[in-house]
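Coordinate analysis (summary)
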Amino acid sequence: MRAVLQRVTQASCTVDGNITGQIGLGFLVLVGIEDADTEEDLQWLAQKIVGMRVFGDENGLMNKALADVGGDILLISQFTLFAQTKKGNRPSFIKAARPDKAIPMYEKMITVLETLTGKRIATGIFGADMKINLLNDGPVTIVMDTKDKENH
């Protein structure tokens, strides 16, 4: 699994003119799922997202986690995070999981994050043409990959 975590002061997802999910302060998380991903990867990533200390404390240092600031999560599925661009200019998405694997993993990620945060997770719609609106705070953007845990 690969995730792009963005600290935001607000974010929303719109599909066909309707808002499907929106948050104030928190994380916009773009998540990509590949065929090799496991339940262990999902659990590791969810723990990292919830525990990431990138919110400012009273001294202006990035020391607080999502729960410390009462933040929320907007979780968006994004297979394009697995784009392979080595050949030519048209990316290949062969590493991205097909919907029959990706949808259950995405839904499980929602459930795990809700359990860990004790809050409802705002979402987009898997596979839809989504319009994401966000105000990146900082900007703070973190990239995590479960296949590269040593560096994350």
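Computed from a predicted structure; not experimentally measured. Residue numbering note: each chain is counted from 1, following its sequence as written. Restriction of local features to residues with pLDDT of at least 70 applies here, the model being predicted, together with a cutoff of 80 or more for giving and counting side-chain atom pairs; totals for whole chains, interfaces and linings are based on all residues. Calculation of side-chain values draws on the structure's entire complement of heavy atoms; hydrogens and water are dropped beforehand.

1. Looking at the overall build of the protein
A tally of helices and strands in the protein yields two helices and eight strands. Put simply, DSSP marks the helices as runs of H or I at least four residues long and the strands as runs of E at least two long, and each gets a number from the N terminus on. When the elements of the protein are put in sequence order from the N terminus, they spell out β-β-β-α-β-β-β-α-β-β. A globule of 152 residues ought to have a C-alpha radius of gyration of about 15 Å, and the protein, at 15 Å, matches this closely. Counting only C-alpha atoms and orienting by the principal axes, one finds that the protein spans roughly 45 × 40 × 30 Å. Each radius of gyration reported is based on C-alpha atoms, and the globular scaling rule is 2.2 Å times the count of residues to the power 0.38.

2. Section: the packing of aromatic side chains
Aromatic pairing here means that ring centres of Phe, Tyr or Trp (its six-membered ring) are within 6.5 Å. Orientation follows from the plane angle: under 30 degrees is stacked, over 60 is edge-to-face, and everything else is tilted. Summed over the entire model, instances satisfying the criterion amount to three aromatic pairs. Ring plane angle 40° and centroid distance 5.1 Å describe the contact between Phe27 and Phe55, whose orientation is recorded as tilted. On the criterion of sequence distance, the pair formed by Phe27 in strand β3 (residues 26–32) and Phe55 in strand β4 (residues 55–56) is long-range, its members being 28 residues apart. Assessed through its relative accessible area of 3%, Phe55 is described here as buried. Ring geometry for Tyr106 versus Phe126: centroids 6.0 Å apart, planes at 50°, classification tilted. You can see Tyr106 sitting in helix α2 (residues 99–117) and its partner Phe126 sitting in the loop between β7 (122–123) and β8 (130–145), a full 20 residues away along the chain. Residue exposure (1.4 Å probe, protein chains only): buried if accessible area is under 20% of the type maximum, exposed if over 50%, otherwise partly exposed. The class for Tyr106 is buried, based on a relative accessible area of 4%.

3. Details of the pattern of salt bridges
In the sections that follow, a salt bridge refers to a side-chain nitrogen of Lys or Arg positioned within 4 Å of a carboxyl oxygen of Asp or Glu. Tallied over the full model, the rule gives eight salt bridges. Three or more residues joined by partner-sharing salt bridges are found here, namely Asp37, Asp41 and Lys147.

4. Quick notes on helix α1 (residues 39–51)
A helix is expected to span 1.5 Å for every residue after the first. The end-to-end C-alpha separation of α1 is 18 Å, in line with the 18 Å expected for 13 residues at 1.5 Å each. Inspection of α1 places Asp41, Leu42, Leu45, Ala46, Ile49 and Val50 among the buried residues, and these make up the whole buried set. Seen end-on, α1 carries its buried residues on one side only, within an arc spanning 155°. Residues of α1 that are buried make contact with β1 (2–15), β3, β6 (72–77), α2 and β8. The directions considered for the arc are those from the helix axis to the C-beta atoms. Here, residues are in contact when the closest pair of their heavy atoms is within 4.5 Å.

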